[in-house]
Amino acid sequence: MRFQGTLRKLSVVVATFVGVLLTGCQFAAAAPIRVGYIPVLGSSALFVVDGKGWGKDAGLDLQLVRFTSGPQAIQALVSGRIDAYVAGVLPLLQVRARGVDVKVLASGAIEELSVAARGKLAEGLEAGDAGNQSPTALAQRITDFTTATGHKPRFAAQPQGSVPDTVLRYWLKQQEKLDLKTVDIVGIDIDAAQQAFLAGAVDAAVLREPALTVIRRRLPDARILANGHEMLPDQPGSVLAVVNPNAPDRAAWKNKLTALFVKGTTLLAEHPEEAAPYVTKALGGGLLREDVIAQALKASAHDFVADPARIVPGVKALQDFEVAEGLLRSATPVEDLFDLTTWRQATP
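Quick caveat: nothing in here was measured; it's all calculated off a predicted structure.

Turning our eyes to something else, we now look at the sheet that holds strand E10 (residues 238-243). With mixed pairing, five strands are arranged side by side in an open sheet as E2-E1-E3-E10-E4. Of all the strands in the sheet, the pair left with one neighbour each is strand E2 (61-66) and strand E4 (102-107). Within the sheet, the average angular offset between the axes of one strand and its neighbour, ignoring direction, is 25°. Sheet analysis places strand E1 (residues 32-37) next to E2, joined by six bridges and oriented parallel.

Applying the stated rule across the entire model yields two aromatic pairs. Ring centres 5.4 Å apart and planes at 75° place the aromatic pair Tyr 37 and Phe 47 in the edge-to-face group. Pair noted here: Tyr 37 is in strand E1 and Phe 47 is in helix H2 (residues 44-51), with a separation of ten residues, a long-range link. When sorted by exposure, Tyr 37 lands in the same class as Phe 47, which is buried. Taking the centre distance of 5.7 Å and the plane angle of 85° together, the rings of Tyr 170 and Phe 321 count as edge-to-face. Of this pair, Tyr 170 sits in helix H7 (residues 163-175) while Phe 321 is found in helix H14 (residues 312-324), placing the two residues 151 residues apart along the sequence. Here Tyr 170 and Phe 321 have matching classes, each one buried. Between Lys 263 and the ring centre of Trp 54, over which it is positioned, the NZ or CZ distance is 4.2 Å.

Okay, the environment of Glu 112 next. Looking at the element boundaries, Glu 112 is found in the loop between E4 and strand E5 (114-117). We classify Glu 112 as buried; its relative accessible area is 11%. Here the alpha-carbon distance between Glu 112 and Asp 234, two residues 122 residues apart in the chain, equals 9.4 Å.

Here is what the cut-offs are and how they apply
- Residues numbered from 1 in each chain as written.
- Predicted model: local features only at pLDDT ≥ 70, side-chain atom pairs only at ≥ 80, totals over all residues.
- Heavy atoms only, no water.
- Pairing = 2+ DSSP bridges.
- Helix = DSSP H or I, 4+ residues; strand = E, 2+ residues; numbered from the N terminus.
- Axes fitted to C-alpha atoms, helices over the stretch in contact; angles between N-to-C directions.
- Phe/Tyr/Trp six-rings, centres within 6.5 Å; stacked < 30°, edge-to-face > 60°.
- Buried < 20%, exposed > 50% of the residue type's maximum accessible area, 1.4 Å probe, protein only.
- Lys NZ or Arg CZ within 6 Å of the ring centre and 35° of its normal.

Without other data, these values stay purely geometric and don't point to any function.
As structure tokens, this is what we get:
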């Protein structure tokens with residue numbers, strides 16, 4: 001009897017130990033994954049993954065960390081405060097040049113950015129005229145504007161070194177063959193650029209959806225000077241990147257997160273209306289209605305592209321431009337920033 005009692009106690013101890021061990025393993029597998037993101041439409045795949053609960057279903061504890069600017073997200077990445085990143089790709093080249101191991105695993109969107117104009121800078125343009133004017137015509141438009149107003153046209157973008165700023169400068173100088181001294185470029189954050197444009201504080205702005213949909217509704221006379229494709233074909237937009245992707249702790253979730261991100265991107269491209277509630281919750285902040293977000297998603301459906309190989313040439317072109325302009329000291333191998341294998345494995 002004493003032996004059986006001892007055996008029972010031993011069984012309880014062993015069972016308890018195994019339970020604690022299993023609980024510990026489950027806890028380790030569900031360790032928080034801190035995903036830093038910029039609240040723009042190009043990050044929508046992340047909002048779909050989170051909103052639909054796909055991460056939780058896959059055993060991932062995703063903790064979304066919102067940043068209002070690229071520099072904030074990059075600082076968090078460099079300091080190790082985030083594990084993954086969903087935002088613009090160009091700053092990641094600079095991060096790698098500083099010795100940080102970060103890889104782009106998937107694209108979220110391409111050709112996000114367009115240039116909208118208002119007032120005298122948009123006069124004479126019909127809706128849908130983007131791309132129908134020659135570089136000479138744009139140069140003359142800028143000259144006429146400056147003569148009529150007594151000041152150069154003001155273009156709002158994000159801070160220098162950001163993707164919007166670089167794409168704007170690239171378009172003006174490389175595509176339109178303009179002297180950058182003929183315009184004033186103002187570097188402000190994303191929301192401020194939209195508000196400045198709506199308030200008439202600037203004459204043009206580099207914007208993306210849903211800001212473009214909002215502007216079309218509020219300012220019927222606003223026009224598109226150049227859409228995303230015209231600024232740069234396959235223009236690189238938001239990406240999914242992982243810090244220290246080959247670290248042992250990343251193996252538990254890197255491929256899963258990439259597969260879910262690709263799944264979210266596919267849904268956005270094929271069924272944008274299904275994604276609208278989740279994107280509205282992430283971007284609307286109670287200020288944008290779901291129908292506005294739904295319209296913006298439908299307008300952008302063809303821009304949701306997960307294949308990271310699509311944006312490699314555009315990243316190279318923009319990096320070369322930044323080096324030529326003195327914004328970067330030297331070019332780094334763009335291919336080293338991309339992990340194309342994980343995306344291929346994640347694609348159905």
